[in-house]
Structures are given as structure tokens and as C-alpha cells.
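# Architecture and fold: a report
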Amino acid sequence: MTTNNSIIKTDVVVLGAGLTGLTTAYYLHKNNKSFIVLEKQNHVGGVIQSHQDKGFTHENGPNTGVIGNTTVVELFEELSGKCNLQIGGKNVSKRYILKHGQWKHLPMGPVDAVTTPLFTLKDKFRILGEPFRKPGTDPHETLTGFVKRRMGQSYLNYAIDPFIIGVYAGDPNYLVPKYALPKLYNLEQKYGSLIGGSVKKGFAEKKTEAEKKVSRKTFSFEGGLSSLINALYESAEKENFVTGAKDVVVAKNEEYLVSYTDKNGDKINIQAANVISTVGAYALSGLFPFIDKTAISKIDNLLYGKVIEVSLGFNHWDGVTLDGFGGLIPSIEKRDILGVLYMSALFPGRAPEGGALLSVFMGGVRHQELVDKTDEEIKKIIERELKDLMQLQKFNPDLIYINRHQKAIPQYGAESGERFSTIEMLEKQYPGLQIGGNLRGGIGMADRIKQGKELAERIL
Ligand SMILES: Cc1cc2nc3c(=O)[nH]c(=O)nc-3n(C[C@H](O)[C@H](O)[C@H](O)COP(=O)(O)OP(=O)(O)OC[C@H]3O[C@@H](n4cnc5c(N)ncnc54)[C@H](O)[C@@H]3O)c2cc1C
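Residues numbered from 1 in each chain as written. Predicted model: local features only at pLDDT ≥ 70, side-chain atom pairs only at ≥ 80, totals over all residues. Heavy atoms only, no water.

## Examining the packing of helix α1 (residues 19-30) against helix α17 (residues 445-459)
The line we're drawing: Between N-to-C directions, angles cover 0 to 180 degrees, with each direction set by a line fitted to C-alpha atoms, over the stretch in contact for helices. Counting from the N terminus, the helices are DSSP H or I runs at least four residues long and the strands are E runs at least two residues long. Reported orientations rely on four angle classes, namely roughly parallel under 35 degrees, roughly antiparallel over 145, roughly perpendicular from 65 to 115, and oblique for the rest. Throughout, a crossing is termed right-handed when the near helix is turned clockwise from the far one, and left-handed when it is turned anticlockwise from it by less than a right angle. Throughout, a residue-residue contact means that at least one pair of heavy atoms, one from each residue, lies within 4.5 Å. Amino acid classes used here: Ala, Val, Leu, Ile, Met, Phe, Trp, Tyr, Cys and Pro are nonpolar; Asp, Glu, Lys and Arg are charged; the rest, including Gly, are polar.
At a minimum axis distance of 7 Å, the contact between α1 and α17 shows a crossing angle of 40°. Judged by the inter-axis angle, α1 sits oblique to α17. The two elements α1 and α17 cross, and the hand of that crossing is right-handed. Where α1 abuts α17, its residues L19, T20, T23, T24, Y27 and L28 lie against M445, R448, I449, Q451, G452, K453, L455 and A456. When its residues are assigned to classes, the contact of α1 with α17 shows seven nonpolar, five polar and two charged.

Printed below as a string of C-alpha cells:
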């Protein structure tokens, strides 16, 4: 970084220091590029915030990720001296779904798949015909249409709907598989069937050594996901980050002039050939006033689910046995919570011995209004639901922490194709500009890490 007439010069300005921006910074640093990351909050990590409190280690954002691609494998190997990876234990594979007020576990094998009470007998027979069903032709078909067509209503109600609640806090009537679940969509388009496609894909693909390490394993880190954030922050060197950067605005000259107000109230200008945005869609119009408003409107019309996340810690647990990942609640069950994660059953050190740590989720796109409830109202709902669902005699948590996410999870609906093509158009129109973040490329942490590296690589 060099200073000239009070304008700082650098190769790259990264906007936002969530997981995407931090990963981009990590790879820029690794490849000796000069860069500055501007973050409006006083801390890095974005929605990822872990806390140690009263003997519990709890999360205020994402709780677990998946070792879902080779960049995740590579990054975690490189950071291994700086943060301690935790892989979820045996409980991870047992996932509960609520049906008629009772927890039933998702099938874990072929025998289970036949005997499970989650799906109707008709649909169990129907699924045998899935490989022979014609692929869909409407690229904007909703997930509801897709699943009903291929698998049947009970699979929609008791497998896909709760899965979508768990991942997107979303609604299958809104999400479009082509954008929200591209792997699933491509199985149908490429192989004509989800079941047949999964089998054929497994045989057809030759895997590299790194690809062989990719898995559905569930990860976190000792001390919570913030340990990953801190490791990235330190590796990319904290001096390259500005936190508490207010009123960030990008202007176009022969390159880009990025200005912001620092914590002292001073206006700072940075000249850079490259600007990488990793912020949410809603922040783009303020950051890039030189971009045509019509183009921006095709990006910032993105719908975000609002989520309330409640960490509950119990020094002594006397509810249901916590022998799984957690429980998800299909919308058809009409309850006031979306699901419960059994965090202390997945990773060691989350709760005192004999105690429990739960993460409870409320709201989502179908209940956006819940985010406006007061803490007392939220506590009452949680108490009522958990006493029943977790068989608690008394509701007396030793830790209760309520966190509201007004813009939690972007929903990849039918408008996503236009959003992606508009971004590609803008990136061509403005060389050196990249618009990343979870408005494209997937919402999971593994997707964020993959994209973060790609954003850096496009500059290198
Ligand atoms: C409640 C919740 C639960 C989740 N659960 C999971 C899970 O279990 N597993 C999983 O894989 N994923 C989960 N996700 C999704 C995943 O956590 C996110 O997609 C991912 O962390 C987003 O990272 P990001 O860096 O793209 O965005 P963010 O974390 O949102 O970071 C963007 C950053 O940009 C900054 N910013 C915004 N505007 C400006 C501006 N004008 N100037 C400067 N900076 C700005 C913000 O302050 C923020 O720090 C969850 C998300 C939420 C909210």
C-alpha cells in the first residue's frame, strides 16, 4: 500500500469482511497482492459470531458447515496450525423430523426407507418409478413442483420442506431448484433422474486426491466458527483491514476511487484497479452510485429471510435424549419454531458436562413477522414449544441469547437468472469490478469459501 497526495493506492479493495471477504483476502495475501478490506462493522466475520458465555460456546449465525468442495479441504489444511477443526461425531447422521407432533428420524438406510412413517406407502412405491419419470422442461419450476413431480407430496412435506427450512429458512413454493439447488437440478437435466443420476455420477466421475477428501462431513472449530474467522483474519494480516468504515462509496475514474469515513471521522480515499464486493445485495446501490439504477434493481430485488436464532444453555439437561443433529419442523406441522440443533451433541466443549446447548430457529420467509416480537414474547414461544417438543418439565435455561437477523438468508427464486446475468454484464462493463457474496454462488459456508478463492483468483 502506498500513499500519494492523501490518496492511498492499492491493487484491490474488498468490501465486506464476512467469510467471503476474508477468504478473498486470505488468497490475495497468499499471492502477495496489495489489498485493503473495508468493513462497516467494528468486527470481522459478518454473520459468523461465536461467543463463550457461562461455560457455553454458542453461535449467533451459522452453526455448522460441510466439507463440500476442494477449496474447503485445501483451506482447512493450510489453516490447521491456526485453528482446530472439529468434525461432527456419530450423532450427525441422525436427523429428526416432526410428524404429527412426534419426532421421527429421517431414514438412515434402505430398510429405514421402507419402514419410515414419514412418507406414505403410495409415495414409497411411487419413488421406485422416479428413474423412469421424464425430466422437467420449465427452468423456473419451483421446488414444490419439482419434488411433487419426481417424488410425491409426502416427500415434499416431510423431507424437502424441512430440509429447505434448515438450509434457507425458506419456502419450496418460492425457491427454484435451478438456482437454489443446482446440483439436484443438474442431476435431473443431465441424467434424467435423481436416483439414477446419483448412482451414475458416482461411477462416471474420476476424482483427484483433493476431490476424494470432499465429503458431507459436518465441521465446526474448537471455540466455534469464529476461530476460523480469526485464523483467516490473522493470516491475511489485520493491518490490511479497516473495521468501522462508514459511508463507503465507490466512484469510477480510470480505475476506482473508494472513499470512506474512518473511526476518527476522517475521510479516506483509496485508488485501486480492482474492487471486489462481498456485501449483501441491499447495500449495492449505496456503494456503487455510478451503476445504472435499473441494473441494480435487478440485483437488489433479492428476497432475504429474517431469522431469529436463540442459543439455549442448560447446566443440567433432563429433556429428550440428544442423540442426533437436531430436529426440523415441516411447515405443515404449523409450529412457531423452525427447528432445534443439538449443538452439544455434535461437538465437544459446547456445554458443561451433563448439560446441553441448543440452537433454536424461528421466523424464516414464511414467518418474517416473528422478528418483530419482543424478547419476552420470543422467550414465551420458545418455552411453550420446547417444553412440549423436548419434554422439559421446567424451562429454566442457564443461558438464553436471542439474536435477530433482519437479512439472514438470500432466497434464490425465479428472478435469480436475471440477477446473475446482470452481474455478469456489469463485470464486463466495468473491468476490475467483481460482485460476489452470497447473492450468487450459493449460501452455505463451503460455497462462500469457494467463491472467496475464485474472486481472488480472477485478479491473480
Ligand atoms: C442465522 C444464519 C444461520 C446460518 N446457518 C448456516 C449453516 O448452519 N451452515 C452454513 O453453511 N451456512 C449458514 N448460513 C449462511 C452463511 O453463514 C452465510 O451465507 C455466510 O456466512 C455469508 O458470508 P458473507 O461473507 O458472504 O456475508 P456476510 O457474513 O453477510 O458478510 C458481509 C459483510 O459485509 C459488510 N457490509 C455490508 N454493507 C457494507 C458496506 N456498505 N460497507 C462495508 N461493509 C459492509 C457486513 O457488515 C458484513 O460483515 C447461515 C446464515 C445465517 C444468517
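Right, picking up where we left off after that structure.
## Re the side chain of T10
Going by this rule: Only protein chains enter the accessibility calculation, which uses a 1.4 Å probe; a residue whose area is less than 20% of its type maximum is buried, one above 50% is exposed, and one in between is partly exposed. For this analysis, a polar contact is any N or O atom pair within 3.5 Å, provided that within protein one partner can donate a hydrogen and the other can accept it, and provided that sequence-adjacent residues contribute only side-chain to side-chain pairs.
Structurally, T10 can be placed in strand β2 (residues 7-15). Of the residues examined, T10 reaches a relative accessible area of 7% and is grouped as buried. Within the structure, T10 has its side chain in polar contact with the backbone nitrogen of F35 (distance 3.1 Å). When neighbours within four sequence positions are excluded, T10 is seen to be in contact with S34, F35, I36, I270, Q271, A272 and A273.

## Regarding the pattern of salt bridges
Side chains that differ in sign of charge can pair as their charged atoms come close. Filter applied, for reference: Salt bridges are defined as contacts in which a side-chain nitrogen from Lys or Arg sits within 4 Å of a carboxyl oxygen from Asp or Glu.
Under the defined criterion, the tally for this structure stands at 23 salt bridges. Its salt-bridge partner being K212, residue E209 comes within 3.2 Å of it at the nearest N-O pair. One end of the pair, E209, and the other, K212, are both in helix α10 (residues 209-212), three residues apart, so they sit about a helical turn from each other. Taken individually, E209 and K212 each receive the classification exposed, so the pair is uniform in this respect. Residues K450 and E454 are paired through a salt bridge, measuring 3.4 Å at the closest nitrogen-oxygen approach. One end of the pair is K450 and the other is E454, both in helix α17 and four residues apart, which spans about a single turn.

## Here's the deal with the sheet that holds strand β6 (residues 65-66)
Our working rule: Two strands pair if DSSP finds at least two bridges between them.
Overall, antiparallel pairing links the three strands, which are arranged β6-β10-β7 in an open sheet. Each edge of the open sheet carries a strand with a single partner, namely β6 and β7 (85-87). Pairing of β7 with strand β10 (residues 218-221), which is carried by three bridges, proceeds in the antiparallel orientation. Bridging across to β10, Q86 finds its partner in S220.

## Overview of the pairing of strand β14 (residues 267-277)
A large share of β14 lies buried, amounting to eight of its 11 residues. Relative to β14, β2 is paired through eight bridges, and the arrangement is parallel. The residue bridging I8 from the neighbouring strand is I270, located in β14. Hairpin connection between strand β13 (residues 256-261) and β14: a loop of five residues separates the two successive antiparallel strands, and G265 in this loop has a positive phi of roughly 85°.

## Let's talk about the environment of S198
Turning to its location among the elements, S198 is positioned in helix α9 (residues 194-204). Between the alpha carbons of S198 and K33 there is a distance of 40 Å; along the sequence they are 165 residues apart. At a separation of 2.6 Å, a polar atom in the side chain of S198 contacts the main-chain carbonyl oxygen of L194.

## A word on the site of the ligand
Where we set the bar: Being near a molecule or strand, for a residue, means having at least one of its heavy atoms within 4 Å of it. Method for areas: the Shrake-Rupley scheme with a 1.4 Å probe, in which residue coverage is limited to the protein chains shown.
Near the ligand, the surroundings consist of 30 residues, among which T20, E39, T64, I443 and M445 are the closest. At 2.7 Å from a nitrogen atom of the ligand is found a main-chain nitrogen or oxygen belonging to T64. In the model, an oxygen atom of the ligand is placed 3.0 Å from a nitrogen or oxygen of the N438 side chain. Protein chains bury 89% of the 1,000 Å² of accessible surface belonging to the ligand in isolation. Breaking the shell around the ligand down by element, the ones donating at least two residues are α1, β19 (399-411) and α17.

## A word on the domain arrangement of the protein chain
Convention followed: Where each domain begins and ends follows an automated or database-derived domain assignment. The buried area of a pairing is the accessible area, by a 1.4 Å probe, that goes missing from both parts when the two are put together, added over both.
When cut into domains, the protein chain gives domain 1 (2-47 + 69-83 + 223-301 + 415-459) and domain 2 (109-210). The gap between the C-alpha centroids of domain 1 and domain 2 is 34 Å. For the domain 1 and domain 2 pair, buried surface summed over both sides reaches about 490 Å², with 68% attributable to carbon and sulfur atoms. Interface area lost by domain 1 to domain 2 is led by T70, E415 and I443, which between them contribute 58%.

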